[in-house]
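# Structural overview for review
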Amino acid sequence: MLVEKLICNVARKKNADYLRFRPGESYDVPRPRDAIPRLLYLHVPFCEELCPYCSFNRVVFREQVARDYFRALRKEISMYGDLGYSFNAIYVGGGTPTVLIDELAQTLNLAKGIFPIREISVETNPNHLTGPNLAQLRDMGVNRLSVGVQTFDDGILRTVERFHKYGSGEEIAARLKETMGYFDTLNVDMIFNFPRQTMAMLEHDLDILTGLHVDQVTFYPLMVSTSTERIMGKKLGKVDYDRGRGMYMKITDRLKDAYVPSTAWCFSRGDVMIDEYVVNYDEYAGLGSGSIGYLGGSVYSNTFDIPAYIEHLNNGQFPVAARKDCSTRERLLYDFLMKLFGISLDLDELSQKHGVNAYIYLLPEVTFFRSTGGLMKKDNKIVLTPKGQYYWVIMMREFFIAVNNFRDYCRSLID
Ligand code: SF4
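These notes cover the structure that comes with them. Given the structure is predicted, the values throughout are model-derived calculations rather than measurements. (Residues numbered from 1 in each chain as written. Predicted model: local features only at pLDDT ≥ 70, side-chain atom pairs only at ≥ 80, totals over all residues. Heavy atoms only, no water.)

## Some points on the overall build of the chain
Helix and strand counts for the chain stand at 17 helices and 17 strands. Against the globule reference of 22 Å for 415 residues, the chain gives a C-alpha radius of gyration of 20 Å, in line with a compact fold. Taking the principal axes of the C-alpha coordinates as reference, the chain spans close to 55 × 55 × 40 Å. With 415 residues in all, the chain has 59% of them scored as buried. Of the roughly 17,200 Å² of accessible surface on the chain, 52% is carried by carbon and sulfur atoms. (Helix = DSSP H or I, 4+ residues; strand = E, 2+ residues; numbered from the N terminus. Rg over C-alpha atoms; globule rule 2.2 N^0.38 Å. Buried < 20%, exposed > 50% of the residue type's maximum accessible area, 1.4 Å probe, protein only. Areas by Shrake-Rupley, 256 points an atom, 1.4 Å probe, with all protein chains shown as cover.)

Written out as C-alpha cells, the structure is:
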C-alpha cells in the first residue's frame, strides 16, 4: 500500500508538470516528418444529457451547432490531408459520436476517401444500440464499437443519472446481447470503485459480463478531476482510492479464464482490436474541439471553445490553442508509460526510435519498478508482473486525471 501511495503521489506531480503548457492565441500543427502508422482521433463533444461524474470534454447536444461542428470537423480532416499526413486508423470518441449518425457517416466516408483507413473504432451509449443505427455503423465500416455502460447496478445508475437515459442494468445487458456479432469487436466500458459500490455490486457486474461473453471489457478505475470531485462528493460520496486494489484484483481474477489483458485495464477475448490507441499508435492527431494530439514529439490541444473552433476552420485555420514540444526525456517517459500500459516494452526498440540509450535515460524508473516487483524481464523485453499491472492502473489513472484537470483549466478560460 505504501508503494502504491508513493507511485500515486509521484505520478500526480509528474503528470501535472508534464501537462503544464499554457494555452495561447494560436499554434501550428506539427508537420509530418516520416511515414509511420498514425491514428486519427475525432472528437464529438455532444451528449443528449450530461452525467455528473464525467470529466470529458462534452456539452449538451444542440442539432444546428452539432451540424456546423461536423462540417468544421470535415474541413479539419481535409486540412490534415493537405499537410501530407496519412492515417491508418480512426477512433471517434466523445461525448456521444453517434448523436447525429448521418453526419458521422459523411465524416467517416470523407476520411476513408483521403486516407488508407484499415480500422475504425466508435464510442456510443446504450440508447443508441438500435437496429437501424447498428446497420448504419456497420455500413460505414466501423470494426469496433465501444459502449459506455459503467455498471449494471440500478442503484448506481440512478445516482449517476444514467438510469432514466439508458435503462436498467437488465435492459442494457439485453441491448448488448442483440449487438453482438455486428462488429469485429464489441467493447463494453465499465467503471470500478464508485463511492458506495460494494464488492457484491462489482461481482454482479462481472456475472453479467461473463454471461454475455462480449469480445472486450475495459474496466476503468473511477477518475475524477478536481472540479467533478466536488459534484461526485455531493452525489455519491468521496472516492476512496485505497479500495481500488481489492476491486481490481477481483476483476482480473474473474476475467482471467476467458480474457487476456491487452492493457492494464482492457481485457480481450482472442485476437481483437486493442482499446487504447495510445498504446497501439506512437502518434495520433487530435481533431475536434478540445482534442489532444501527439505528433512529432509535440503535445497539442485544439480550442475547447466550440464557436471559436468552427470559426477557425471556416477561415481555413487550424484551431490549435496550446502546444508543448517535449524534451527527449519527456518523450521517453511518455513511451515508457504507454508501452508498459500495453503490458510490455522493448528498450532496444525505444533506443532506436529516439536515437539515444533508453536504458540510461530510464534507469531510475526501471530500477524502481523492478525493485518493487512491478516489472520483470521476458524475451529481451520488460513486462508488467500482475503487481505491476495495478501499478500501471494507478499511473494511468493519475495521467488521465491530469488530462482532465488540463481540460478543466482550458474550459475555465472560455467560461
Ligand atoms: S459519461 Fe458519456 S454520456 Fe455521460 S456526459 Fe460523459 S461523455 Fe456524455
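## Points about the site of the ligand
Near the ligand you find Cys47, Leu50, Cys51, Tyr53, Cys54, Phe56, Arg58, Gly95, Asn125, Arg162 and Tyr166, and these make up its full shell. Class assignment of the residues belonging to the shell around the ligand gives a composition of 7 nonpolar, 2 polar and 2 charged. (Near = heavy atom within 4 Å. Nonpolar A, V, L, I, M, F, W, Y, C, P; charged D, E, K, R; others polar.)

## Considerations on the packing of aromatic side chains
One pass over the structure, following the stated rule, counts 27 aromatic pairs. For the ring pair Phe192 and Tyr248, a centre distance of 6.2 Å and an interplane angle of 35 degrees mean the geometry is tilted. Remark: Tyr248 occurs in helix H10 (residues 244-255) and Phe192 occurs in strand E7 (residues 185-192); sequence separation between them is 56 residues. Accessibility expressed as a relative area gives 1% for Tyr248, which makes it buried. Put simply, the rings of Tyr41, Tyr91, Tyr277, Tyr284, Tyr294 and Tyr334 touch in pairs and so form one group of aromatic residues. Sitting above the plane of the Tyr259 ring, Arg269 keeps its charged end 5.5 Å from the centroid. Between Arg397 and the ring centre of Tyr241, over which it is positioned, the NZ or CZ distance is 4.0 Å. (Phe/Tyr/Trp six-rings, centres within 6.5 Å; stacked < 30°, edge-to-face > 60°. Lys NZ or Arg CZ within 6 Å of the ring centre and 35° of its normal.)

## Examining the sheet that holds strand E15 (residues 344-345)
Spatial strand order, E15-E17-E16: 3 strands in an open sheet with antiparallel pairing. In this open sheet, the two edge strands, each paired with only one partner strand, are E15 and strand E16 (375-378). Two elements, E16 and strand E17 (residues 381-384), share 4 bridges in a ladder whose sense is antiparallel. Bridge pairing in E17 links Lys377 to Ile382. (Pairing = 2+ DSSP bridges.)

## What to know about the nonpolar core
Of all hydrophobic cores here, the largest spans 136 residues; its most connected members are Tyr80, Phe152, Phe219 and Trp392. Element by element, the count of residues in this core is highest for helix H17 (residues 386-414), at 12 residues. Here Phe219 is in contact with Met190, Ile191, Phe192, Leu202, Leu206, Leu209, Ile251, Leu255, Trp265 and Phe267, once residues within four sequence places are set aside. (Core = buried A, V, L, I, M, F, W, Y, C linked by side-chain atoms within 4.5 Å. Contact = heavy atoms within 4.5 Å.)

## Overview of the packing of helix H2 (residues 63-83) against helix H3 (residues 101-114)
For the pair H2 and H3, interaxial distance at closest approach is 10 Å and the crossing angle is 5 degrees. As the angle between them shows, H2 and H3 are arranged roughly parallel. Between H2 and H3, the contacting residues are Arg67, Phe70, Leu73, Arg74, Ile77, Ser78 and Gly81 on the first element and Asp102, Glu103, Leu104, Gln106, Thr107, Leu110, Ala111 and Ile114 on the second. (Axes fitted to C-alpha atoms, helices over the stretch in contact; angles between N-to-C directions. Parallel < 35°, antiparallel > 145°, perpendicular 65-115°, else oblique.)

## Looking at the environment of Ala89
For Ala89, the location among the structural elements is in strand E4 (residues 89-94). Look at Ala89 and you get buried, because its relative accessible area is 1%. Sequence separation of Ala89 and Trp392 is 303 residues, and the distance between their C-alpha atoms is 25 Å. Here Ala89 is in contact with Arg38, Leu39, Leu40, Ile117, Glu119 and Tyr281, once residues within four sequence places are set aside.

## Some words on empty space enclosed by the protein
Overall, the coordinates contain 2 cavities of 30 Å³ or more when judged by the stated rule. Roughly 30 Å³ of volume is contained in the second largest cavity. Residue lining of the second largest cavity: Val278, Val279, Tyr281, Asp282, Tyr334, Asp335, Met338 and Lys339, and that is the complete set. Mapped onto the lining of the second largest cavity, the elements with two or more residues apiece are helix H11 (277-280) and helix H13 (328-341). With 4 residues, H13 is the single largest residue contributor to the lining of the second largest cavity. Residues belonging to the lining of the second largest cavity are distributed by class as follows: 5 nonpolar, no polar and 3 charged. (1 Å grid on protein atoms, 1.4 Å probe; cavity = no way out; pocket = protein on both sides within 12 Å on 5 of 7 lines; lining within 4 Å. Points joined across faces, edges and corners; volume = space filled by probe spheres on them.)

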